[in-house]
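A look at the structure
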Amino acid sequence: MIEQIDKIEKIIDELLVNLGDMVMRLAHPHITRTREEREALARSVHQFSVCAATSKDPRVRQLAEDLEDMLKPRLRLVASR
């Protein structure tokens, strides 16, 4: 029974890696231009992070972290004169 559960968890982790890669591609600035698209992306990242929270696969955890970081606003340095 434990072996079957481990096998299912590995399959789910592979699905999460593939899903995370898709979300990452959708996060490209040329694809998410409108406010609605950015909001949809934020919802997708949140849902992915919820699923990834229980994963033991480091790839899934890293993808969740990368996706969450991607949503954080970028700071611009302004040169003072």
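Structure's up top.
So, here is what we can say about the structure in this document. All residue numbers refer to position in the chain's written sequence, counted from 1. Residues qualify for local features only when their pLDDT is at least 70, as the model is predicted, and side-chain atom pairs are given and counted only at 80 or more; totals for whole chains, interfaces and linings, by contrast, use all residues. Hydrogen atoms and water are omitted, and side-chain values are computed over all heavy atoms in the structure.

**Notes on the environment of L67**
With respect to the helices and strands, the residue L67 is situated in helix α3 (residues 58-71). Under the relative-accessibility criterion, L67 is labelled buried at 0%. As for L67 and V45, which are separated by 22 residues in sequence, their C-alpha atoms are 6.2 Å apart. A run of H or I in DSSP becomes a helix once it reaches four residues, and a run of E becomes a strand once it reaches two; helices and strands are each numbered from the N terminus. The rule is simple: take the accessible area with a 1.4 Å probe, protein chains only, and divide by the maximum for that residue type; under 20% is buried, over 50% is exposed, in between is partly exposed.

**Here we look at the side chain of S55**
Residue placement: S55 occurs in the loop between α2 (35-52) and α3. A relative accessible area of 4% places S55 in the buried class. A distance of 3.1 Å separates a polar atom in the side chain of S55 from the backbone nitrogen of D57. Ignoring any residue separated from it by four or fewer positions in sequence, one finds S55 in contact with D13, V60 and R61. N or O atoms within 3.5 Å of each other form a polar contact, as long as, within protein, one can give a hydrogen and the other can take it, and as long as residues adjacent in sequence are counted only when both atoms are side-chain atoms. Note on contacts: a residue pair is in contact if any heavy atoms of the two residues lie within 4.5 Å.

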